[in-house]
Structures are given as C-alpha cells and as structure tokens.
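As a plain string of letters, each chain reads:
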Amino acid sequence: MYIDNELKQNILDEAPENEPQRQYYFVNECRKIIDRISEEKGRKLTCCINTFGCQMNAKDSEKLLGIMKEIGYEETESEDADFVLYNTCTVREHANVRVYGRLGVLKNSKDKNPDMVIALCGCMMQEPQVVEKVRKSYRHVNIIFGTHNIYKLAELLFLYLCEGRNQTEILDGTTQIVEKLPSSRKYTFKCGVNIMYGCNNFCSYCIVPYVRGRERSRKPKAIIREIEKLVADGVKEVMLLGQNVNSYGKGLEEKINFAELLTEVSRIDGLERIRLGSLEPRIITEKFVEALKNERKFCPHFHLSLQSGCEETLKRMNRHYTPEEYLEKCRLLREAWEHPAITTDVIVGFPGETEDEFAQTKAFLREAAFSQMHIFKYSRREGTKAAMMPDQVPENVKNERSAVLIALEHELRKDYMQQFLGRRERVLFEESYVAEGVNYLVGHNERYLRIGIPYEEEAEGKICEILITGFADD
C-alpha cells in the first residue's frame, strides 16, 4: 500500500464526478505514486498492452496506452513489464483459449516480480463465466474491467495501488460516451476514428451485441473535431470505425446519417483519404453510392459482411438479405467505381450447413469475385442462438471446408490483383519488413492492395505513385 487509508479517502472524496475530468484526476494521483516507485527502483516503470481482436479493440488500446503514458509508464513490447494488460476479444473461442494460455505464462513472471500488475479488459471480460474463471483460476490478475468502462483504467489502478487488493468492475451496459481521453497512436500518418459503438443486429452466431452493448452514435461535431486535430498532427488517412456504422445517427438529436457524415468528413482540409470499416450490405443503395462516387478522398474499398452464400443458411444466421440482393449491391459498386475492392467474411460449418449449402456458398463466392475473403470456422459462443441449434457441424468437416475456401480465396485474390499490373497506383507507405534478407517498405493503395518496394526511408508515411510490375504468389 503506497498511501495510508486517510489520504486515500480524502483523494476519493475530492474526485470530480464528471468524465473525463474524473479520470484525469486519477491519472494525476497515479502519477504521484508511480513517480515515487520509479525513484525507488531507479528507473521508469514499463507497460505492455497486447490487443486481441478487431480494429475497435485496437483503437481502445491506443486510449489505454495513452492513459498509461500520462501516468508515467514507458511502453515496451516485452511482457516482462511492470504492467501488462490484455485487451481481449471473444468473437471466437480460439481468442479466449489464447488469453488463458498467455495468463498461465504470466504467472511465472509475476512470481519473479510480485510488484508486477496484470490487467484484463475488453469483450471477453463481459462474459460472467469468464470473469468467474479468471478470478478463481488466475488470481494473479489484479485488475479486470470490460468494454463499457475502458476509460476508468486510471481509477482502477489507483485503487489497486492504494489497497493492494484485486479490482473488478464490469458494467452490463452504458449510454455514455466519454470523449477527450489520452491516446497514443501506433502510426503518425493514419488513424482509426470511432463514430459509434455497439450493435443491435443480433445475428444468431454473434456475441458482439451482448458484450459491446446497444448502438450509440458519437456526435458529428466531436468526430469532425477529432479528425481535424489528427490532420493537424500529420494524419493523412482515417478509417471510420463502428460495430455497425450503417446505423450511424440513430438516437442523435441532430438528424444525420452515415453518408452525410462521410460528406462532412471529406470537407476537412488536409485529409487525403477516408476509409470505411466493416459494412452491412443494406447500406449500399443507389442513393448511398451516388453520394460518394465523386468524393475524391473516399477509398473504394468495401468490406461487406456476407457470412454465407446460401439463402437457407443466411436465414438461420438471422442475416437480412438474400444472395441475389447481395450481388445487386456488388453490381452497384462496380458500376460506380473502376475495380472497387469488395472484401468479405465467410463462416464455414455453421450449424445445419449441409454439403449442398456449402456448395452454394462456394459457387456464390466465385460469382461475386471478391478481391479478398476472410474465412472463419464457426465458433460456438455461449449465450447465442446458434450455440443451441441442432446439427452442429463436426470439427473435421469445418477444417475441410475451410481449406477449400482458403484455396478459392487465393485464386480470386490473384485474379483481382492481375487487373493492376502495369498501372500506376497511389500508395501510403506504412512500415518496413524483411523478407529473404531484403528490406522492403510496404503500404496500401486506395483499394487496400498491399504493395511493397525496396526500402526508401523518405517514402515512409507518405503517399507515393508507384508502377505495379508484379505480385507475390503467396
């Protein structure tokens, strides 16, 4: 315990009620404690934040890291840090298993360094059975919080440092959106921007509405101000994020929809590119396409969630479109843009999926000619309707079907890339990597094709025009 009970109580009594002022207050109080510990140890304390899951989780982790840096921690990639946090995902069982395995390894680190603080947050923590398991079997975890109160990290850390007792705070839901939190971005030249949170769709396989809550839109002025600040700080490209951006604007006093927000964002001086996160097919209408097709900053990359190409499977999934309707969306996009990138997610082995249903999906994917597909084996998630459905598909059948679609994905992606040979493309170069002893600089064009050149330091973080001469056959 780093302060006595009387001082702790005084600090709690004087804490502001409103957010984010309350959290900045606890950031300051934590910093006093961390500065004292750092002085005793003769070095700065380190923190390691590892993210599992989607782009929304990655954006949350930037805020969490920003809070930790404000408190006085120094970032490290090593899990032998003074503070380790896992921002978890629970969309698939594999993600849960990975976290449990990593927690087991951390137990050894904690034994060697009893002052180490271990924290868990994110979607996995919104499942009561998970929290119970962690508290029972992984007692070396010190702080547990969920998706609805990530902004409270400083307050929970303060209580742990004062009391020396593990802290758990999980909210069932929230209508609150806390703005103006610290943030530490991975890239200086591109950034994700949340425009809304939560989902009301309740697809039968999906746990997201249960762990992320109902839809909540950010105010458009707050979004515009954030992007203007990012652009002033050197950001060239933003991606607009949300579990279900289609519903943007619902519940706001100001009448605005997603297409209108995009138009407002495109008017921001200095912003060069606008990308979209995952979309539901129903948003692709003639009106939506007409509103965007002449927006110069808009990147024609559409990640349209599919999940299955079979109508009967889609019905069981509670997906509200038919394969024919989905193809019509693709047609609208291809008429408005030259070679738009249409990417998607596909689930294989959904309960009741027969060989004929799988064959229908395979034929549909070839007809839709996606530029990229993410293939996932169905993962049974407790609390969803699909988990209780009969005719669960055996794991070996899922594996076989997954392998077939992965091979098809490779073929379709190669066909799509062929269209760009000999073309000049504008690429935002993002990072370097080494392959077979050669250092490359890689980035993405507007259609999110990954493009590399021999490393050139002056091109990193810039948009350059590049001639496409070939592609890697991976």
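For the structure itself, consult the block above.
In this report, we go over the structure that sits alongside the text. The model shown is predicted, which means the values in this text are computed figures rather than measured ones.

Quick notes on the rules
- Residues numbered from 1 in each chain as written.
- Predicted model: local features only at pLDDT ≥ 70, side-chain atom pairs only at ≥ 80, totals over all residues.
- Heavy atoms only, no water.
- Helix = DSSP H or I, 4+ residues; strand = E, 2+ residues; numbered from the N terminus.
- Contact = heavy atoms within 4.5 Å.
- Core = buried A, V, L, I, M, F, W, Y, C linked by side-chain atoms within 4.5 Å.
- Buried < 20%, exposed > 50% of the residue type's maximum accessible area, 1.4 Å probe, protein only.
- Pairing = 2+ DSSP bridges.
- Axes fitted to C-alpha atoms, helices over the stretch in contact; angles between N-to-C directions.
- Patch = residues over 30% accessible without salt bridge, like charges linked within 9 Å, V, L, I, M, F, W, Y side chains within 5 Å.
- Areas by Shrake-Rupley, 256 points an atom, 1.4 Å probe, with all protein chains shown as cover.
- Salt bridge = Lys/Arg side-chain N within 4 Å of Asp/Glu carboxyl O.
- Lys, Arg positive; Asp, Glu negative; His and termini not counted.
- Charge placed at Lys NZ, Arg CZ, Asp CG, Glu CD.
- Polar contact = N/O pair within 3.5 Å; in protein donor to acceptor, adjacent residues only side chain to side chain.
- Expected span 1.5 Å × (residues − 1).
- Arc of directions from axis to C-beta.

Focus: the environment of M196
Within the fold, M196 resides in strand β8 (residues 196-197). Separated by 19 residues in the primary sequence, M196 and E215 place their C-alpha atoms 7.0 Å from one another. Apart from residues no more than four positions distant in its own chain, M196 is found in contact with M56, E215, R216, S217, R218, L241, G242, Q243, N244, V245, S247 and Y248.

Quick look at the nonpolar core
Of all hydrophobic cores here, the largest spans 66 residues; its most connected members are I227, L240, F258 and I284. Here I227 is in contact with V193, V238, L240, V265, I268 and L271, once residues within four sequence places are set aside. With 36 residues, the next largest nonpolar core counts I67, A119, L159 and L161 among its residues.

A few points about the sheet that holds strand β7 (residues 190-194)
Spatial strand order, β7-β10-β11: 3 strands in an open sheet with parallel pairing. The two strands at the open ends of the sheet, each matched to only one other strand, are β7 and β11 (273-276). Sheet twist, expressed as the average angle between the axes of neighbouring strands with direction ignored, equals 25 degrees. Direction of pairing for β7 relative to strand β10 (residues 237-241): parallel, over a ladder of 5 bridges. When the sheet's bridge partners are listed, V193 is paired in β10 with L240. Strand contacts of helix α3 (residues 55-71): β7 and β10, with the helix running at about 100 degrees to β7, the strand carrying the most contacts. Strands in contact with helix α8 (residues 220-232) are β7 and β10; relative to β7, the strand with the most contacts, it is inclined by about 170 degrees.

So, a negative patch on the surface
A cluster of like negative charges, contributed by E431, E456, E457, E458 and E460, occupies part of the molecular surface. In this fold, E457 is placed in the loop between β17 (450-454) and β18 (463-467).

Comments concerning the sheet that holds strand β6 (residues 167-169)
Ordered by their spatial adjacency, 6 strands build an open sheet running β2-β1-β3-β4-β5-β6, and the pairing between neighbours is parallel. Of all the strands in the sheet, just β2 (74-75) and β6 have a single pairing partner and so form its edges. Where strand β4 (residues 117-122) and strand β5 (residues 143-145) come together, 2 bridges link them in parallel fashion. Looking at β5, one finds that A119 is bridged to I143. The sheet contacts of helix α5 (residues 128-137) involve β4, β5 and β6, and relative to β5 the element is tilted by about 175 degrees.

Examining the environment of K377
With respect to the element layout, K377 can be found in strand β14 (residues 372-377). Taking the relative accessible area as the measure of exposure, K377 reaches 35% and is therefore partly exposed. Here N399 takes part through its side chain, which lies 2.8 Å from a polar atom of the side chain of K377.

Quick word on the pattern of salt bridges
Applying the stated criterion across every chain yields a total of 41 salt bridges. D233 is the partner of R185 in a salt bridge, and the nearest nitrogen-oxygen pair spans 3.1 Å. Note that R185 is positioned in the loop between β6 and β7 and D233 in the loop between α8 and β10, a separation of 48 residues in sequence. Here K293 ties to E290 by a salt bridge, and the two come within 3.3 Å at their closest N and O atoms. Since its relative accessible area comes to 33%, K293 is described here as partly exposed. For E290, a relative accessible area of 49% translates into the label partly exposed.

Quick notes on helix α13 (residues 355-368)
In this model α13 runs 20 Å from its N-terminal to its C-terminal C-alpha over 14 residues, within 8% of the 20 Å that 1.5 Å per residue would give. For α13, the set of buried residues is E357, F358, T361, F364, L365 and A368. Buried positions in α13, seen along its axis, are confined to an arc of 120 degrees and lie on one side of it. In α13, those exposed residues whose orientation departs by more than 90 degrees from the buried face are E355, D356 and E367. On its buried face, α13 sits against α11 (311-317), α12 (323-336), β13 (341-348), β14 and α14 (395-418). Just beyond α13, the residue with positive phi is A369, at close to 55 degrees.

Any link to function would need more than the numbers given here.
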